[in-house]
Amino acid sequence: MFESLKPLPHDPILHLMQAYRDDPRPEKVDLGVGVYKDDAGNTPIMAAVHEAERRLLAAETTKSYVGPAGSAAFNEAMARLILGERNPLLAEGRTSVIQTPGGCGALRMAAEFFRLCRADTRVWVSTPTWANHIPLLSGAGLQLQEYPYLDRDTMTVDFDAMLGALEGARQGDVVLLHGCCHNPSGADLTFAQWQALTGLIQRKGLLPFVDIAYQGLGDGLEEDAAGLRYLAGQVPEMVIAASCSKNFGLYRERTGALMLISASGTINTAATSQLLGVVRGHYSMPPAHGGAIVETILTDDALRASWQSELSGMCARILGLRHAFADALAPVGDFGFIARQRGMFSFLGITPEQVRRLREEHGIYMLDSSRVNVAGLNERVLPQVANAIGGVMK
Ligand code: LMR
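Residues numbered from 1 in each chain as written. Predicted model: local features only at pLDDT ≥ 70, side-chain atom pairs only at ≥ 80, totals over all residues. Heavy atoms only, no water.

Draft legend 1. Quick peek at the site of the ligand. Around the ligand, a shell composed of Ile13, Val33, Gly34, Trp130, Asn183, Tyr214, Lys246, Phe345 and Arg371 is seen. For the ligand, an oxygen atom lies 3.1 Å from a polar atom in the side chain of lysine 246. Expressed as a share of its isolated accessible area of 260 Å², the protein-covered part of the ligand is 80%. For the shell around the ligand, the per-class residue count stands at 5 nonpolar, 2 polar and 2 charged. (Near = heavy atom within 4 Å. Polar contact = N/O pair within 3.5 Å; in protein donor to acceptor, adjacent residues only side chain to side chain. Areas by Shrake-Rupley, 256 points an atom, 1.4 Å probe, with all protein chains shown as cover. Nonpolar A, V, L, I, M, F, W, Y, C, P; charged D, E, K, R; others polar.)

Draft legend 2. Quick peek at the packing of helix 2 (residues 47–59) against helix 10 (residues 289–298). Where helix 2 contacts helix 10, the two axes come as close as 9 Å, and the packing angle between them is 110 degrees. Between helix 2 and helix 10, the interaxial angle falls into the category roughly perpendicular. On the side of helix 2, the interface is formed by Ala48, Val49, Ala52, Glu53 and Leu56, while helix 10 contributes His289, Ala292, Ile293, Thr296 and Ile297. Each residue belonging to the contact of helix 2 with helix 10 can be placed in one class, and the counts come to 7 nonpolar, 2 polar and 1 charged. (Axes fitted to C-alpha atoms, helices over the stretch in contact; angles between N-to-C directions. Helix = DSSP H or I, 4+ residues; strand = E, 2+ residues; numbered from the N terminus. Parallel < 35°, antiparallel > 145°, perpendicular 65-115°, else oblique. Contact = heavy atoms within 4.5 Å.)

Draft legend 3. Region of interest: the pairing of strand 9 (residues 238–243). Most of strand 9 sits out of view: 6 of its 6 residues are buried. Of the two faces of strand 9, the one lined by Met238, Ile240 and Ala242 and the one lined by Val239, Ala241 and Ser243 are each fully buried. For the crossover that starts at strand 8 (residues 207–212), traverses helix 8 (residues 221–234) and ends in the parallel strand 9, the hand is right-handed. As paired elements, strand 9 and strand 10 (residues 256–261) share 6 bridges and run antiparallel to each other. Counted as the bridge partner of methionine 238 is isoleucine 261 from strand 10. (Buried < 20%, exposed > 50% of the residue type's maximum accessible area, 1.4 Å probe, protein only. Right-handed = clockwise from strand over helix to strand, strands pointing away. Pairing = 2+ DSSP bridges.)

Shape is all these values report; function is a separate question.
Structural data, given as structure tokens:
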């Protein structure tokens, strides 16, 4: 039965992660996979996560099943984190959240849910978008359409081109948006652009689907959600996929959430029951541990304060690195856009051949697209990286 199968091409991000691990050179630098690193190059466990885990282990009395929606307290806390504590939507009964295995689980369950709503659902994705958006959505049988997003001359959002393409969307089409910290470009919509886009979505009857995987790592927890919160306040229906991988540093614990916003409470009850049916038919129930950590942190004032302060520090560090990186590259060219972008990623705008040389000659790893994880830099490696980039660009 298996003999007809050919090996899949490598996943660009996971393959690079392995190649970096296998590289014996001590001076190697990992700017590949989107994982936060501190000044020493480590991806630490956040202090609040450590403490929450300690408390959970001490208090845990059972490993019995929870259920397809995961923990109700986690879901409630995530709704507040995403929409904001005082969001009127929280009291309207039109929203529901389920706990998912990471942001990927949320994205895939949303895709399966869209197909259930309408078998011929089309989803518009930005060009470029996160590489894994494509298999997660198309694997559920959805048709993908692309909208141009990045102006590669200015490395800013080509908003006119984006709106122009979305004018071609049909009523009921889904539009996938990055809530903040666009992956892979780092170019985000301004608040005014979120407002204008909301107008188009309303006029054309599109369903907004927001992926927010980096809340708190762009400009701050509230700032990063401002665009999606505005949109959520204007439209009858919306779907939001959130990840706790980056902002809680829970990568391998696979912790995420999926939110439905429906036109009425009655519709939301039916929609959520269908969504839970989809979950039951895929993985039955999400893993509990990561969600329990997040729930413990978000529902305890002291742990929450500790988490927020550590997250703010991470956010400030990334912003600082963005400026330092742009400055270090100034003799090579105008990389000022890196300082103006947000989140972990930016494109350097160099060729795949230059990327290959950086990897092979200097042990500096980034995606072939020249996407770099700015959070993988530190003061020690910055001069080495900037010199190497200057060298291959000569
Ligand atoms: C990335 O874009 O590097 C991260 O989101 C990790 C992943 O799973 O691809």
